[in-house]
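Single-letter residue listing:
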Amino acid sequence: MNLKNKTVTILSNNCWGTFMYKYCNLEFNSPFIGLFVFAPDYIKLLEEPSLIYSDLCFIERSRFQNILEFLDDKEYPIGLIANDIEIHFIHYKDEDEAYAKWSRRVKKD
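Thresholds, definitions, all that
Residues numbered from 1 in each chain as written. Predicted model: local features only at pLDDT ≥ 70, side-chain atom pairs only at ≥ 80, totals over all residues. Heavy atoms only, no water. Helix = DSSP H or I, 4+ residues; strand = E, 2+ residues; numbered from the N terminus. Expected span 1.5 Å × (residues − 1). Buried < 20%, exposed > 50% of the residue type's maximum accessible area, 1.4 Å probe, protein only. Arc of directions from axis to C-beta. Contact = heavy atoms within 4.5 Å. Core = buried A, V, L, I, M, F, W, Y, C linked by side-chain atoms within 4.5 Å.

Q: Break down helix α3 (residues 95-108) for me, with residues and values.
A: Here α3 spans 20 Å end to end across 14 residues, near enough to the 20 Å set by a 1.5 Å rise per residue. Regarding α3, the residues found buried are A98, W102, R105 and V106. The buried side chains of α3 occupy one side of the element, clustering within an arc of 105° when seen end-on. The exposed set on the far side of α3, more than 90 degrees from its buried face, consists of D96 and K107. Along its buried surface, α3 packs onto β1 (57-59), β2 (78-81) and β3 (85-88).

The following block contains the structure:
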């Protein structure tokens, strides 16, 4: 793919964004890599993108736990920004890795 702008920031709520970066051979310029965000929280982020810059902390249990049955055996960090937006770092091994990559990519944005 021949893009003129090579510094694209993709705000995707799932792995689609990662696939697009790879397909277009672009550097990851978005913190939304290797994670997913449930629709209600994703819509909040789209309505107010500056929330991405909120402090990231981690929680033990998702408020969407009843929907997460398909992930019962999978453990991964769950981050929280702006006090109520959950970031599910499904492709990260621990909170340290998730925090480091999120923080670095937020600064690139």
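Q: How would you sum up the nonpolar core? Please name residues and give values.
A: Of all hydrophobic cores here, the largest spans 21 residues; its most connected members are F32, L45, I87, F89 and W102. If you list the elements that add at least two residues to this core, you get α2 (39-47), β3 and α3. Among the elements that line this core, the one with the most residues is α3, at three residues. Excluding residues that lie within four positions of it along the chain, F32 makes contacts with I10, L11, S12, T18, V37, L45, I52, I87 and W102.

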